[in-house]
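# Chains, contacts and geometry: an overview
Spelled out, the chains give:
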Amino acid sequence: MANLKELRSRITSVSSTMQITSAMKMVSAAKLNKAQMAITAMRPYADKLTELLQSLSASLEGDSSSAYSEQREVNKVLVVAIASNRGLAGAFNSNIIKASKDLYENVYAGKQVDFVAIGKKVNDIVSKTHTVVSNKSEVFDDLTFANVADIAQELMEMFTNGSYDKVVLVYNKFKNAATQIVTTEQFLPIKPIEGESNNNVDYIFEPSKEEIVEQLIPKSLKTQLYKAIRDSFASEHGARMTAMHKATDNATELRDSLKLQYNKARQAAITNEILEIVGGAEALNN
């Protein structure tokens, strides 16, 4: 059994850790509330815009103006891995890294697969074994639509100039504070609506489909990327809040266990001292 001094030191250390994890949990909870409101408000708009985009792209299939819908033989793939700049968020970052490597090793095996890292954690790991053509981790320092739009524009240019035949997003989709869904989403080329649902919508285009394509599709793609990063941002705080909550509970349980162990050791030490005093007194009497 550890001595009393060691136990006191461990109890102090665990209590300090518990205070840190509890504070981090509260900070993440506050940030999560703001991030959750942002993605919840944005998601219906982004989904409807994507639906309109897919319908418009399908109606212009084969048109030279629809450069973002061009279906090519897939030889070069660009994977945009969206994670975070910080750790202490459970499996949040490792799930993205695992999903990204799965695309390289299984889904697109035998093809050229490069990466764009959005988040220092994914860049640090993936860059060791794969080609990271760009690191955009600084976007989290000022997460605005304008900054994300610049990244989306670069991705669009890399697709239209033939550098890559497909661009794929990998990110954590926010469901709730305790659940984040690892999502692999095709960014480019634009996927047409599956089935015949696109034929059931009759839009009136003004001034023309071609002019709308030039403006709507780039804006829609930028919105799609912004939504993915916002989803990931909210998921990060949810994952960190959950991880810190579990860490706080574990630290509390460990502290209580150490206190019980300390009290038992202290009681045993007191009992031994009493026995020594009694034994010494009896020896003097005899």
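None of the values given here were measured: they were computed from a predicted structure.

## Examining a negative patch on the surface
Residues Glu206, Glu210, Glu211 and Glu214 make up a contiguous surface patch of negative charge. Tracing the chain through its elements places Glu206 in the loop between strand S5 (179–188) and helix H5 (209–285). Since its relative accessible area comes to 67%, Glu206 is described here as exposed.

## Points about the nonpolar core
One finds Ile82, Phe187, Leu188 and Leu225 to be the most contacted residues of the largest nonpolar core, which totals 32 residues. Looking at this core, the elements that each hand over two or more residues are helix H1 (4–59), strand S1 (76–82), strand S2 (112–118), helix H4 (145–160), strand S4 (166–176), S5 and H5. In this structure, Ala83, Leu103, Val126 and Val168 belong to the second largest nonpolar core, which totals 17 residues.

## Considering the packing of aromatic side chains
Here the structure, examined in full by the defined rule, presents two aromatic pairs. Taken together, a centroid distance of 6.3 Å and an interplanar angle of 15° make the contact between Phe140 and Phe233 stacked. Placement of the pair is Phe140 in the loop between strand S3 (132–135) and H4 and Phe233 in helix H5, with a sequence separation of 93 residues. Phe140 sits in the buried class, given a relative accessible area of 14%. With centroids separated by 5.5 Å and ring planes inclined at 90°, the aromatic side chains of Phe145 and Tyr226 adopt a geometry described as edge-to-face. Here the residue Phe145 occupies a position in helix H4, and Tyr226 occupies one in helix H5, the gap between them amounting to 81 residues. In this arrangement the basic side chain of Arg72 is found over the ring face of Phe159, its NZ or CZ atom lying 4.3 Å from the centre.

## Digging into unusual backbone geometry
Residues Leu188 and Pro189 are joined by a peptide bond in cis, for which omega reads -5°. With respect to the element layout, Pro189 can be found in the loop between S5 and H5.

## Let's talk about the pattern of salt bridges
On inspection of all chains with the given rule, the structure shows seven salt bridges. Between Glu154 and Lys136 there is a salt bridge, with the nearest N and O atoms lying 3.0 Å from each other. Residue Glu154 is found in helix H4, and its partner Lys136 is found in the loop between S3 and H4; the two are separated by 18 residues along the sequence. For Asp256, the salt bridge identified is with Arg255, shortest N-O distance 3.6 Å. Take Asp256: its relative accessible area is 40%, and that puts it in the partly exposed class. One salt-bridge network, held together by shared partners, links Arg43, Lys227 and Asp231.

How each quantity is defined
Residues numbered from 1 in each chain as written. Predicted model: local features only at pLDDT ≥ 70, side-chain atom pairs only at ≥ 80, totals over all residues. Heavy atoms only, no water. Patch = residues over 30% accessible without salt bridge, like charges linked within 9 Å, V, L, I, M, F, W, Y side chains within 5 Å. Areas by Shrake-Rupley, 256 points an atom, 1.4 Å probe, with all protein chains shown as cover. Salt bridge = Lys/Arg side-chain N within 4 Å of Asp/Glu carboxyl O. Lys, Arg positive; Asp, Glu negative; His and termini not counted. Charge placed at Lys NZ, Arg CZ, Asp CG, Glu CD. Helix = DSSP H or I, 4+ residues; strand = E, 2+ residues; numbered from the N terminus. Buried < 20%, exposed > 50% of the residue type's maximum accessible area, 1.4 Å probe, protein only. Core = buried A, V, L, I, M, F, W, Y, C linked by side-chain atoms within 4.5 Å. Phe/Tyr/Trp six-rings, centres within 6.5 Å; stacked < 30°, edge-to-face > 60°. Lys NZ or Arg CZ within 6 Å of the ring centre and 35° of its normal.

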